[in-house]
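Architecture and fold: a report
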Amino acid sequence: MPLSEQEQRLLDEMERHLLHNDADIVSAPSGDRTLSYRNLVYGALLLLVGIAALVSAVALGSTIGAVGSIVVGVIGFAAMVVGVILAATPVRRTGPTAVPSGSSAKRPAPGSASFMDRMNDRWDRRQDGR
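Description of the structure in this document. From a predicted model like this one, the values you see are computed outputs, not experimental measurements.

Helix and strand counts for the protein chain stand at four helices and two strands. Traced from its N-terminal end to its C-terminal end, the protein chain shows the element sequence α-β-α-α-β-α. Residue burial in the protein chain is summarised as follows: out of 130 residues, 14% are buried. A separation threshold of at least 6 residues defines the contact pool for the protein chain, and within that pool the share at least 24 residues apart is 74%. Total accessible area on the protein chain stands at roughly 10400 Å², and carbon and sulfur atoms take up 65% of it.

Right, dumping it as structure tokens:
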């Protein structure tokens, strides 16, 4: 069933609006806080240590006694919680947070920009060409 002229015009307008807003969302700075890969790795390792402690507490429950098993289980659970919190906590950026806007903004050299920065630049150039 073909669209009427009004529906086609509305669909085109919605598509242009969506493309414009998506480009703004992708290139918008996320503030002065970001996730640290080092914290993600340490948090994941701490989570794995906590899981191992919890499993060992259950497996060795009869050997180390009920109180010992509970203590090791609680320590393992606490390690898991701390690992998740460490992995999910953003850290402050140390570099400049202000992003210049407009076409006069200097773009970084291709070798020094991150992958996402290069993809955002390509997206912006593609949208400017329309």
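Here the focus is helix H2 (residues 37-59). Here H2 contains 23 residues, and its C-alpha end-to-end distance of 33 Å stays within 8% of the 33 Å for a straight helix at 1.5 Å per residue. All buried positions along H2 are accounted for by Asn39, Gly43, Gly50, Ala53 and Ala57. Buried positions along H2 lie against helix H3 (61-88) and strand S2 (91-92).

Now for a nonpolar patch on the surface. Side chains of Val41, Tyr42, Leu45, Leu48, Ile51 and Val55 sit close together on the surface and give an oily, nonpolar patch of about 570 Å² of accessible area. Mapped onto the elements of the fold, Leu48 is located in helix H2. The exposure class assigned to Leu48 is exposed, which follows from its relative accessible area of 52%.

Take the packing of H2 against H3 next. At a closest axis distance of 7 Å, the pairing of H2 and H3 adopts a crossing angle of 165°. Taken together, the axes of H2 and H3 lie roughly antiparallel to each other. Like other packed secondary-structure pairs, H2 and H3 cross with a definite hand, here left-handed. In terms of residue class, the contact of H2 with H3 is built from 18 nonpolar, nine polar and no charged.

Attention shifts here to the environment of Leu40. Structurally, Leu40 is set in helix H2. Since its relative accessible area comes to 32%, Leu40 is described here as partly exposed. For the pair formed by Leu40 and Ile85, sequence separation is 45 residues and the distance between their alpha carbons is 9.6 Å.

Rules used throughout
- Residues numbered from 1 in each chain as written.
- Predicted model: local features only at pLDDT ≥ 70, side-chain atom pairs only at ≥ 80, totals over all residues.
- Heavy atoms only, no water.
- Helix = DSSP H or I, 4+ residues; strand = E, 2+ residues; numbered from the N terminus.
- Buried < 20%, exposed > 50% of the residue type's maximum accessible area, 1.4 Å probe, protein only.
- Contact = heavy atoms within 4.5 Å.
- Areas by Shrake-Rupley, 256 points an atom, 1.4 Å probe, with all protein chains shown as cover.
- Expected span 1.5 Å × (residues − 1).
- Patch = residues over 30% accessible without salt bridge, like charges linked within 9 Å, V, L, I, M, F, W, Y side chains within 5 Å.
- Salt bridge = Lys/Arg side-chain N within 4 Å of Asp/Glu carboxyl O.
- Axes fitted to C-alpha atoms, helices over the stretch in contact; angles between N-to-C directions.
- Parallel < 35°, antiparallel > 145°, perpendicular 65-115°, else oblique.
- Left-handed = near helix turned anticlockwise from the far one by under 90°.
- Nonpolar A, V, L, I, M, F, W, Y, C, P; charged D, E, K, R; others polar.

Geometry only, nothing functional implied.
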